Amino acid sequence: MKVLVVGNGGREHALAAKLLQSDRVTQVYCTPGNGGTATLSGCQNLPYSVDDFARIGQAVVENRINLVVVGPELPLSLGIKDYLAKFDLPVFGPNQQGAQLEASKSWAKDLMISAGIPTATSETFTEVEPAIAYLNQQTAPIVVKADGLAAGKGVIVAQTLEEAENAVKSLFNEGFPKLIIEEFLVGQEVSVLAITDGITIVPLLPAQDHKQIGEGDTGANTGGMGAFCPTPLANSAMMDRIEREVLQPTLTALQQKGIDYRGIIYAGLMITPEGEPKVLEYNCRFGDPETQAVLALLETPLDEVILACCQQKLRELPPLKWHSGSAVCVVMAAGGYPSSYTKGKVITGLDLAEKTGAVVFHAGTKLVGDNLITDGGRVLGVTGVGSTFEEAIALSYRAVGQIHFEDMYYRRDIGHRVQGKS
Ligand code: AMP
Ligand code: GLY
């Protein structure tokens, strides 16, 4: 089977590597891919950007692709699944209607409210004045969210009402037609990714993401500085609740709207101090870097799971098999990220890092001649698997210690929440 993976991050490198572990997968193409997928044995990069559907369609035909796996939200929200329907092959990921779960926060909010799914109270606005009038009746902290896809930059957790007001003005100025003002929730965040074929929904192991740039979870939000899986915060009783109160009702609500959703539903949840799971947001795809940690523990061949999903046969699939230990992924970033940073630094030590037994997935790298160079803010994800969290943490940091590029930055406390250090 030949698989085309769409995207160019650590998630796509992890997906490509996992797919290639299956005997049935003979070749993976990744478009546009990165330095990691370029050097992965059995994988070849194609040069088409994720929203160039015509070229991607041509590549499907020319390379006799049997399965397309879509990584990022952008092509899903632009309707890549709908576009590729004419090629009559399985495409993993929801159609454009389904992708609204992530692409429109107000649409997702309406769905949650009508289905009684626990979430923060909120109001949606299309104009500045009513939004500010509403803000003046609230207390800070408060959260302002842009309605459309904003590449991780559309959520402002405002500590003061003034900050919230500025966020409202600047989001409307940037051209977002709608925004949401939402109650600030406290607690611990959990990422629960579930796979659904539109009939059955199967949760994967719960993960936690370290979103902030600084150690001790401080500073600016990023795409994710590290992740670990499973998280003890979502034990089996909590996972039962999340399935019953969030995942199943989400699927039922999608069905009632007539949406045939096949792919990942990622529920970003806040577990409140009272132990209530509340949805912060949905994503319509695998999370990154969570996926690097989650897939490291998956023992059922990924192609089997994905095909069962595309063919609406998840019900017939035996329960997913998982490694009984833990996985920890440490992200190595370019100094300055998530603000400005430079690209083009030579990366060394990857072979030594892999010799430790950890795996290194590339997020922002490029192969130039024989040199692997940095090509993004998040550069690498280094994942260690161990029979305990401590082992997994030690292994990933041992591997991180072998890698070098100028101005590199990584957090030294990934997994600290599990260890109870904070
Ligand atoms: P998102 O880009 O939607 O994942 O949101 C980014 C981050 O903002 C989340 O991971 C949370 O840390 C934070 N956040 C979003 N909504 C809320 C909320 N209602 N209360 C507190 N924090 C939130
Ligand atoms: N790690 C968060 C995300 O993938 O959206």
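Per chain, residues are indexed from 1 in the order of the written sequence. Chains and ligands are labelled sequentially in the order written, the chains with letters from A and the ligands with numbers from 1. Restriction of local features to residues with pLDDT of at least 70 applies here, the model being predicted, together with a cutoff of 80 or more for giving and counting side-chain atom pairs; totals for whole chains, interfaces and linings are based on all residues. Water and hydrogen atoms were dropped before computing side-chain values, which therefore reflect all heavy atoms in the structure.

Undergrad: I'd like a rundown of the sheet that holds strand E11 (residues 201–203), residues and numbers included.
TA: DSSP bridges decide pairing: two strands pair if at least two such bridges lie between them. Secondary structure elements are defined from DSSP: runs of H or I of at least 4 residues count as helices, runs of E of at least 2 residues count as strands, and each element is numbered from the N terminus. Taken in spatial order, the 4 strands line up as E11-E10-E16-E17 in an open sheet, and their pairing is antiparallel. Edge positions in the open sheet fall to E11 and strand E17 (277–283), since each of these has one partner strand only. Adjacent strand axes in the sheet meet at a mean angle of 35°, parallel and antiparallel pairs treated alike. Here strand E10 (residues 188–196) pairs with E11 via 3 bridges, running antiparallel. Directly across from Ala-194, in E11, lies its bridge partner Pro-203. We call two residues in contact when some of their heavy atoms are within 4.5 Å. Where helices are involved, their axes are fitted lines through C-alpha atoms of the stretch in contact, as for all axes, and angles between N-to-C directions lie from 0 to 180°. Packed on one face of the sheet, helix H10 (residues 236–256) meets E10, E11, strand E16 (263–271) and E17 and runs near 130° to E16.

Undergrad: Summarise the packing of helix H7 (residues 105–115) against H10; cite the residues concerned and give the values.
TA: Where H7 contacts H10, the two axes come as close as 10 Å, and the packing angle between them is 105°. By the angle class used here, H7 and H10 are roughly perpendicular. Contacts between H7 and H10 involve Trp-107, Leu-111 and Ala-115 from the former and Pro-249, Thr-250, Ala-253 and Leu-254 from the latter. Think of it as three bins: nonpolar holds Ala, Val, Leu, Ile, Met, Phe, Trp, Tyr, Cys and Pro, charged holds Asp, Glu, Lys and Arg, and polar takes everything else, Gly as well. Taken together, the residues of the contact of H7 with H10 break down into 6 nonpolar, 1 polar and no charged. With respect to orientation, any angle under 35 degrees is reported as roughly parallel, any angle over 145 as roughly antiparallel, any angle of 65 to 115 as roughly perpendicular, and every other angle as oblique.

Undergrad: Please give an account of the site of ligand 2 that cites residues and values.
TA: Nearness of a residue to a molecule or strand requires only that one of the residue's heavy atoms be within 4 Å of it. Looking at ligand 2, the residues that line it are Asp-209, Gly-223, Tyr-266, Asn-283, Arg-285, Gly-287, Asp-288, Pro-289 and Glu-290. In the analysis that follows, any N or O atom pair within 3.5 Å is treated as a polar contact, provided that within protein one partner can donate a hydrogen and the other can accept it, and provided that, for residues neighboring in sequence, both atoms belong to side chains. In the model, a nitrogen atom of ligand 2 is placed 3.4 Å from a nitrogen or oxygen of the Gly-223 main chain. In the environment of ligand 2, an oxygen atom lies 2.9 Å from a nitrogen or oxygen atom belonging to the side chain of Arg-285.

Undergrad: Lay out helix H8 (residues 128–135) in plain terms, naming residues and giving numbers.
TA: Burial classes follow relative accessibility: with a 1.4 Å probe on protein chains only, a residue under 20% of its type's maximum area counts as buried, one over 50% as exposed, and anything between as partly exposed. Those residues of H8 that fall on the buried side of the exposure criterion are Ala-131, Ile-132, Tyr-134 and Leu-135. Within H8, the buried residues cover an arc of 155° as seen down the axis, which keeps them to one side. Buried residues along H8 sit against strand E6 (122–125), strand E7 (142–146), helix H9 (161–173) and strand E9 (179–183). To obtain the arc, one takes the directions from the helix axis to the C-beta atoms.

Undergrad: Which residues make up the site of ligand 1, and what values go with them?
TA: The immediate surroundings of ligand 1 are formed by 15 residues, with Glu-182, Glu-183, Leu-185, Glu-189 and Glu-281 found nearest. Note that a nitrogen atom of ligand 1 is positioned 3.0 Å from one of the side-chain N or O atoms of Lys-145. Within the side chain of Glu-189, a nitrogen or oxygen atom sits 2.4 Å from an oxygen atom of ligand 1. About the coverage of ligand 1: the protein hides 90% of its 480 Å² of free accessible area. Considered class by class, the residues forming the shell around ligand 1 number 7 nonpolar, 1 polar and 7 charged. Areas reported here follow the Shrake-Rupley algorithm with a probe of radius 1.4 Å; residue values treat only the protein chains shown as occluding.

Undergrad: Describe in detail the nonpolar core, supporting the description with residues and values.
TA: We call a set of buried residues a nonpolar core when its members are Ala, Val, Leu, Ile, Met, Phe, Trp, Tyr or Cys and they connect through side-chain atoms within 4.5 Å of each other. One finds Leu-4, Val-68, Ile-242 and Tyr-282 to be the most contacted residues of the largest nonpolar core, which totals 47 residues. No other element matches H10, which puts 8 residues into this core. Here Val-68 is in contact with Leu-4, Val-6, Val-60, Leu-84, Leu-89, Pro-90, Val-91 and Phe-92, once residues within four sequence places are set aside. Among the nonpolar cores identified, the runner-up in size contains 43 residues, and Val-25, Phe-286, Ala-293 and Leu-307 belong to it.

Undergrad: Describe the packing of aromatic side chains, with residues and values.
TA: Pairs of aromatic rings are described using the distance from one ring centre to the other and the angle between the two planes. In this analysis, rings of Phe, Tyr and Trp, with Trp reduced to its six-membered ring, are considered paired at centre separations within 6.5 Å, and the interplanar angle assigns stacked below 30 degrees, edge-to-face beyond 60, and tilted for intermediate values. Scanning the model with the defined rule gives 7 aromatic pairs in all. Measuring from centroid to centroid gives 5.2 Å for Phe-125 and Tyr-134, while their planes differ by 50°, and the two rings are tilted. Exposure class is identical for Phe-125 and Tyr-134. Each is buried. Pairing Tyr-337 with Tyr-341 gives two aromatic rings, centres 6.2 Å apart and planes at 65°, and the pair type is edge-to-face. Through pairs of rings, three or more aromatic residues link up here, namely Phe-53, Tyr-83 and Phe-87.

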